[in-house]
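Per-entry structural report
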Amino acid sequence: MANRKKIMLIFILIVSLQIVNLVFWGYQKPNFFGDEIWSFNFANSSFFPLMNDAASYQNKWLDNSFWLKAFTVQDSERFNYSSVFYNMTQDNHPPVYFLILHTICSFFPNMLDKWFGIIPNIFFFVFTQVVLLCLSKEMFRTFNYHVLMPSLIYGFSWGLINNVIYSRMYMLVTLWALLAFYLHVLLYRHIEGNNENKERLGLWAELSLTVILGILTHFYFLIYETLLSLCFGLYLWNQGKLAGLRKYLLTLGVAAIASIAIFPSWPSRVLGGGICIPATAFTNLLKFDLYLRLKAFIKLLNIDLAGGLLPVIFMMALFLLLTHLTGMFVKLHVTRIGAGYGLDVNFHNPKSNYHLELEPIFNVWLWGIIVCGGYFIIVAKIAPYYESRYMAMLY
């Protein structure tokens, strides 16, 4: 218990220092990036997304009152969520982040400030760190000091800093992606412990809600969740966990129906729907440029996450993985093999006295590799721009 308290105190200290660092970089931010202007316009303008009515204001002199109405909440339009939903039907993105941004700005009518976007992102970051700590505990199967390493590395990475001081939805969708993976791990633990038929309605409901929020925050979450669902669904089917599989499919079905009920236009947006960005994704998918795109995005991740030291870090990680493989994933039993050998283990060598048994947690690590690798390849291929923000969910 004492060791646990020390770890939590260190975790709080680490996150506190990271918050100070984020606030410092927030102060260094001099202005808004173009997409951030769109964030405030879609969130706050009353039924007037600028890109949808360009002819009414181009080639004209526009005074301060025009821009004030375009980017800030007016006194008579506070908490006007119907306007946010309408504006998002004219954009490439779903509404959750913009609803949150509109709520914050509604407390400060006629004002525009970079901190309206940065402060909520800091809160999303803190929640993400808590989930990451819980996930590390599950992945490492212990609550020792090394569970702090992912939070330490992630929280000081340049990619994380960029996503927090950038008034867009990428920090929020990172939270939903990490939470979705964590909930899948908890369900895996529950089912693997032969508790398949025991009710865990709260856990299934949390997963369904997380999927809804992920879909309605950024459509790239669909790619991430599809890969994760394939891994988890195939595991349930392969292990004959049919009761768990039925509950899982029901959970995803409820999430899909609920997200469509909340924002009916999202399926058409994902499939093109006359919007330029999804159409660009389909165009990029047909181009023979995968190698060049992977190379470009690897270079971006090298800077954002590793400070240019990605090859060194990769080799160190590979070395640690190989040296600790038997301790984390594999049990080695020395037994005499009889006539019935190999039926109770995952891998066996009939010419030796060794049984190699993979620990169940190995499946979870394998899912992580498949999901992250698959997401990286797909998004690198379809992304409209060479921007690291599209990979935020992998950070």
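That block above? That's the structure.
What comes next is a walk through the structure.

Scoring rules and cut-offs
- Residues numbered from 1 in each chain as written.
- Predicted model: local features only at pLDDT ≥ 70, side-chain atom pairs only at ≥ 80, totals over all residues.
- Heavy atoms only, no water.
- Salt bridge = Lys/Arg side-chain N within 4 Å of Asp/Glu carboxyl O.
- Buried < 20%, exposed > 50% of the residue type's maximum accessible area, 1.4 Å probe, protein only.
- Helix = DSSP H or I, 4+ residues; strand = E, 2+ residues; numbered from the N terminus.
- Arc of directions from axis to C-beta.
- Contact = heavy atoms within 4.5 Å.
- Phe/Tyr/Trp six-rings, centres within 6.5 Å; stacked < 30°, edge-to-face > 60°.
- Patch = residues over 30% accessible without salt bridge, like charges linked within 9 Å, V, L, I, M, F, W, Y side chains within 5 Å.
- Areas by Shrake-Rupley, 256 points an atom, 1.4 Å probe, with all protein chains shown as cover.
- Axes fitted to C-alpha atoms, helices over the stretch in contact; angles between N-to-C directions.
- Parallel < 35°, antiparallel > 145°, perpendicular 65-115°, else oblique.
- Left-handed = near helix turned anticlockwise from the far one by under 90°.
- Nonpolar A, V, L, I, M, F, W, Y, C, P; charged D, E, K, R; others polar.
- Lys, Arg positive; Asp, Glu negative; His and termini not counted.
- Polar contact = N/O pair within 3.5 Å; in protein donor to acceptor, adjacent residues only side chain to side chain.

**Here we look at the pattern of salt bridges**
Tallying each qualifying case throughout the model produces six salt bridges. Two residues, Lys29 and Glu36, come together in a salt bridge whose shortest N-O distance is 2.2 Å. Take Lys29 and Glu36: they sit in the same class, and that class is buried. Measuring nitrogen to oxygen at the nearest pair gives 3.1 Å for the salt bridge that ties Asp289 to Lys381. Here Asp289, found in the loop between α14 (276-285) and α15 (290-306), pairs with Lys381, found in helix α17 (residues 361-382); they are 92 residues apart in sequence, far enough to count as distant. Side by side, Asp289 and Lys381 carry an identical accessibility label, which is buried. What you see here is one network of salt bridges that share partners, running through Asp35, Glu387 and Arg389.

**Focus: helix α4 (residues 81-88)**
Each turn of an α-helix holds 3.6 residues, which means side chains three or four residues apart point in the same direction. Taken residue by residue, α4 has Ser83, Val84, Asn87 and Met88 as its buried positions. The buried residues of α4 occupy an angular sector of 130° when the element is viewed end-on, so they sit on one face. If you follow the buried residues of α4, they end up packed against α2 (34-44) and α5 (96-106).

**Considering the packing of aromatic side chains**
Taken as a whole and judged by the stated rule, the model has 31 aromatic pairs. Plain terms: the ring middles of Phe140 and Trp365 are 5.8 Å apart, the flat faces sit at 65° to each other, and that makes the pair edge-to-face. In this pair, Phe140 is assigned in helix α6 (residues 115-140) and Trp365 in helix α17, connecting sequence segments 225 residues apart. Residue Phe140 is classed as partly exposed on the basis of its relative accessible area of 25%. On the accessibility criterion, Trp365 (25% relative accessible area) is partly exposed. Grouped by ring-pair contacts, the aromatic residues Tyr188, Trp204, Phe232, Tyr235, Tyr248 and Trp367 constitute a single cluster.

**Regarding the environment of Thr280**
Checked against the element boundaries, Thr280 lands in helix α14. In this structure Thr280 comes out as partly exposed when scored by relative accessible area, which is 27%. Considered as a pair, Thr280 and Tyr385 are 105 residues apart in the sequence and their alpha carbons are 9.8 Å apart.

**Some thoughts on a nonpolar patch on the surface**
On the surface, a cluster of nonpolar side chains totalling about 540 Å² of accessible area is made up of Leu13, Leu17, Met149, Leu152, Ile153 and Phe156. Looking at the nonpolar patch element by element, the count peaks at three residues for helix α7 (residues 149-155). Relative to the helices and strands, Leu17 resides in helix α1 (residues 2-28).

**Here's the deal with the environment of Ile215**
Relative to the assigned elements, Ile215 resides in helix α10 (residues 201-215). The spatial distance from the C-alpha of Ile215 to the C-alpha of Ser259 is 7.2 Å, given a sequence separation of 44 residues. Dropping the residues within four chain positions of it, Ile215 is found in contact with Pro94, Phe221, Leu222, Ser259 and Trp266.

**Topic: unusual backbone geometry**
Within the chain, Phe47 stands out as a residue other than glycine whose phi angle is a positive 55°. Its location among the elements puts Phe47 in the loop between α2 and α3 (64-71). Judged by its relative accessible area of 41%, Phe47 falls in the partly exposed class. Although it is not a glycine, Phe79 adopts a positive phi angle of roughly 55°.

**Brief notes about the packing of α5 against α6**
Here α5 crosses α6 at 120°, and the two axes come no closer than 10 Å. The orientation of α5 relative to α6 falls into the category oblique. Between α5 and α6 the crossing geometry is right-handed. Contact residues: α5 offers Tyr97, Ile100, Leu101, Ile104 and Cys105, while α6 offers Phe116, Gly117, Pro120, Asn121 and Phe124. Of the residues contributing to the contact of α5 with α6, the split by class is eight nonpolar, two polar and no charged.

**A few points about helix α8 (residues 158-165)**
Judged by how many residues are buried, α8 sits mostly within the fold: six of eight residues are covered. Along α8, the residues that are buried comprise Gly159, Leu160, Ile161, Asn163, Val164 and Ile165.

**Points about the side chain of Asp91**
Mapping Asp91 onto the fold places it in the loop between α4 and α5. No salt bridge is formed by the buried Asp91; the nearest opposite charge belongs to Arg168, separated by 5.1 Å. A polar atom in the side chain of Asp91 sits 3.0 Å from the side chain of His93.

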